[in-house]
Amino acid sequence: MKKAKKETKKKIDSFYPVLPLRDMIIFPGMIAPLIVGREKSVKALEACMKKSAKLVLLAQKEVSNDYPKPKDLYKIGVIGNIIQMLKLSDGTVKLLVEARQKVESIEVIENEGYFEALISKIDDEIEEEGLENLEIEALTRSIINEFEAYVKLNKKVNPEIMVVLADLKDPRMVANSIVTNLFMNITNKQALLEEKTLKNYLESIYKAVIKEIDILKAEKNVHKLVEDQMKKNQRE
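Residues numbered from 1 in each chain as written. Predicted model: local features only at pLDDT ≥ 70, side-chain atom pairs only at ≥ 80, totals over all residues. Heavy atoms only, no water.

Draft legend 1. Broad picture of the side chain of lysine 102. Inspection of the secondary structure puts lysine 102 in strand E5 (residues 93-111). A distance of 3.0 Å separates a polar atom in the side chain of lysine 102 from the backbone oxygen of leucine 193. A distance of 2.9 Å separates a polar side-chain atom of lysine 102 from the backbone oxygen of glutamate 195. (Helix = DSSP H or I, 4+ residues; strand = E, 2+ residues; numbered from the N terminus. Polar contact = N/O pair within 3.5 Å; in protein donor to acceptor, adjacent residues only side chain to side chain.)

Here it is, written out as structure tokens:
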């Protein structure tokens, strides 16, 4: 008999400085290098380092927006820790951030020239033992197998990622690592971040990997057709 699932829980936390992300989505457990140049973002980093070194990472809905307002940011993001930070001579800041947990921004306000967000930390749905766990394991294996095929087709992805995946035990960490290495648009990656259950998350990533493989194969076929046509024209 299939056991019930524990519901996703939200815990209201506190206000944290916000770093708007222009062209990327960061998933929990991932470490990301960032270069920050906008005045509001630099001030948020400065405030962050004076407090707890924690900041909220929220993606912008429009990549081209240089001056986003609170309504221009997605509500679901992550809270992370600054691991390293270096201010450069031109005023930009290089930093290394580790995303810790998925959060929802309840309210975003402007405080002394930067954004702060009141957040609720989201504890993902916990799967109980039984059939559901078997489905999770099967989905995880299927995703890894398909992703391996994707890596072989896409030369932009470092094949060493497969070694990393082999050492991961948590299905969500496997999924987060894979989706981070998929060349998808921001909107689609944000949708994956907002998935509320592990099963739905894995199913969505499986479909995304299959789609990306199909696209790569189609691109390869197009390139071959063009090359064949060029060779034919040269012979003529």
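Draft legend 2. Examining the pairing of strand E3 (residues 54-59) more closely. Burial of E3 is extensive: five of the six residues sit out of reach of the surface. With four bridges connecting them, E3 and strand E4 (residues 76-87) associate as antiparallel partners. Residue pairing across strands places lysine 54 opposite asparagine 81, the latter belonging to E4. (Buried < 20%, exposed > 50% of the residue type's maximum accessible area, 1.4 Å probe, protein only. Pairing = 2+ DSSP bridges.)

Draft legend 3. Highlighting a nonpolar patch on the surface. On the surface, Val222, Val226 and Met230 cluster together into a nonpolar patch covering about 260 Å² of accessible area. Counting through the fold element by element, valine 226 comes out in helix H6 (residues 198-235). Overall, the relative accessible area of 45% leaves valine 226 in the partly exposed class. (Patch = residues over 30% accessible without salt bridge, like charges linked within 9 Å, V, L, I, M, F, W, Y side chains within 5 Å. Areas by Shrake-Rupley, 256 points an atom, 1.4 Å probe, with all protein chains shown as cover. Salt bridge = Lys/Arg side-chain N within 4 Å of Asp/Glu carboxyl O.)

Draft legend 4. Summary view of the packing of aromatic side chains. Taken as a whole and judged by the stated rule, the model has two aromatic pairs. Taken together, a centroid distance of 6.5 Å and an interplanar angle of 25° make the contact between phenylalanine 27 and tyrosine 201 stacked. Placement of the pair is phenylalanine 27 in the loop between strand E1 (9-21) and strand E2 (31-36) and tyrosine 201 in helix H6, with a sequence separation of 174 residues. A relative accessible area of 1% places phenylalanine 27 in the buried class. An angle of 25° between the planes, with centres 5.7 Å apart, marks the rings of phenylalanine 147 and tyrosine 150 as stacked. Here tyrosine 150 and phenylalanine 147 lie together in helix H2 (residues 131-153), a separation of three residues that amounts to about one turn. What makes phenylalanine 147 buried here is its relative accessible area of 0%. The ring of phenylalanine 115 has lysine 40 lying over it, and the distance from NZ or CZ to the ring centre is 5.5 Å. For lysine 156, the ring lying beneath its charged end belongs to phenylalanine 183, and the centroid distance is 5.7 Å. (Phe/Tyr/Trp six-rings, centres within 6.5 Å; stacked < 30°, edge-to-face > 60°. Lys NZ or Arg CZ within 6 Å of the ring centre and 35° of its normal.)

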